[in-house]
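Topology and contacts: notes
In case you want the letters, here they are:
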Amino acid sequence: MKKLLLALFISAAVFSSCKKDTGTNVNITGTDLAAINGQLRGTWVFPIETSKIVDSTGATLVPSQSLPAPALQFYSSSGVNIMPDSRTTLKGTFTLSTDKGFIYLDIVYPDGSTVEYQVLQVTTQTLKLNLTQPYVYLNGSTPVPALEVINTVLKKQNSADVTGSLARVSVTSDSIYDVKVYLSHATLPAPADSLMLVNSQTGVTGAYNYSFAAKPGDHLTININGSPLKTFFYAYYNGMPLTGLANYTYGGINTTTGWDIP
């Protein structure tokens, strides 16, 4: 059984009718859980997930790295679709529970494996999750007990995400970087099937987000010139994750196979 633990903090502003904050001194009732269930209802897209390794004191052993994460669609009081990419939908079930003022979300996958979540925040637009699980860190050849801390953020899907036919590239970094985004139309004859530069920026600090119209069969290429250890990137189509391979070198990140518009 796959077990993941995520921390769920519910803002009082979000659940004002419940007037509940999570914490060890808060009593979460069945009515509160029903309200939270209703807040989850809908499709959560544009997932961003990062992971870092810390020791028992919280000191960082391995800095944050980006991870793939699925979009989630809660369509009933207990049904959830798990979408790791725009072509794949896994039908699961979920339940909500509470312990010591924290809200837990258990998702059961089709193969019977279970994911246990604790949510940091739920609003009408944003769902924030945190996962902390045991991890064995190798200090040379010596195993050291540690923790893996994973943070996930998703956005509530809107009508433009469904009908816009938009691809999005998102990049964040703690260092200065350059980024170029290319598109090739695989369904069209040459020269239209060659790489076309659709956007580029130099000397970027912080976040880069660029959205553009794309068609099924298009191939996305992303070139990032910067520190691969400090840079995260994600690609989406209509809010759903696009996946593929990438080369990480000393000079940056270059995508290769995959990254195709479905």
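Data block above holds the structure.
By the definition in use, this model includes four aromatic pairs. Between Phe-46 and Tyr-236 the ring centres are 5.0 Å apart and the planes differ by 75°, which places this aromatic pair in the edge-to-face class. One end of the pair, Phe-46, is in strand E1 (residues 42-54); the other, Tyr-236, is in strand E13 (residues 231-237), and 190 residues separate them in sequence. Residue Phe-46 is classed as buried on the basis of its relative accessible area of 12%. Their ring planes at 50° and their centres at 5.4 Å tell us that Phe-233 and Trp-259 sit as a pair that is tilted.

As a further point, take helix H1 (residues 30-40). Looking only at H1, the buried set comprises Asp-32, Leu-33, Ile-36, Asn-37 and Leu-40. Along the long axis of H1, the arc covered by the buried residues comes to 145°, so they all point the same way. Exposed side of H1, more than 90 degrees from the buried face: Thr-31 and Ala-34 are the residues found there. In this fold, the buried residues of H1 make contact with E1, strand E3 (71-74), strand E5 (88-99), strand E6 (102-108), strand E7 (114-122) and strand E8 (126-139).

Right, let's talk about the nonpolar core for a bit. Ranked by internal contacts, the top residues of the largest apolar core, which has 22 residues, are Leu-40, Phe-74, Phe-94, Leu-96, Leu-105, Ile-107 and Leu-127. Counting residues per element, the ones that place at least two in this core are H1, E3, strand E4 (79-85), E5, E6, E7 and E8. Element by element, the count of residues in this core is highest for E7, at four residues. Among residues more than four places away in sequence, those in contact with Leu-105 are Leu-40, Phe-74, Phe-94, Thr-95, Leu-96, Val-115, Glu-116 and Tyr-117. Residues Val-179, Ile-224, Ala-235 and Tyr-237 belong to the second largest nonpolar core, which totals 21 residues.

Rules used throughout
Residues numbered from 1 in each chain as written. Predicted model: local features only at pLDDT ≥ 70, side-chain atom pairs only at ≥ 80, totals over all residues. Heavy atoms only, no water. Phe/Tyr/Trp six-rings, centres within 6.5 Å; stacked < 30°, edge-to-face > 60°. Helix = DSSP H or I, 4+ residues; strand = E, 2+ residues; numbered from the N terminus. Buried < 20%, exposed > 50% of the residue type's maximum accessible area, 1.4 Å probe, protein only. Arc of directions from axis to C-beta. Contact = heavy atoms within 4.5 Å. Core = buried A, V, L, I, M, F, W, Y, C linked by side-chain atoms within 4.5 Å.

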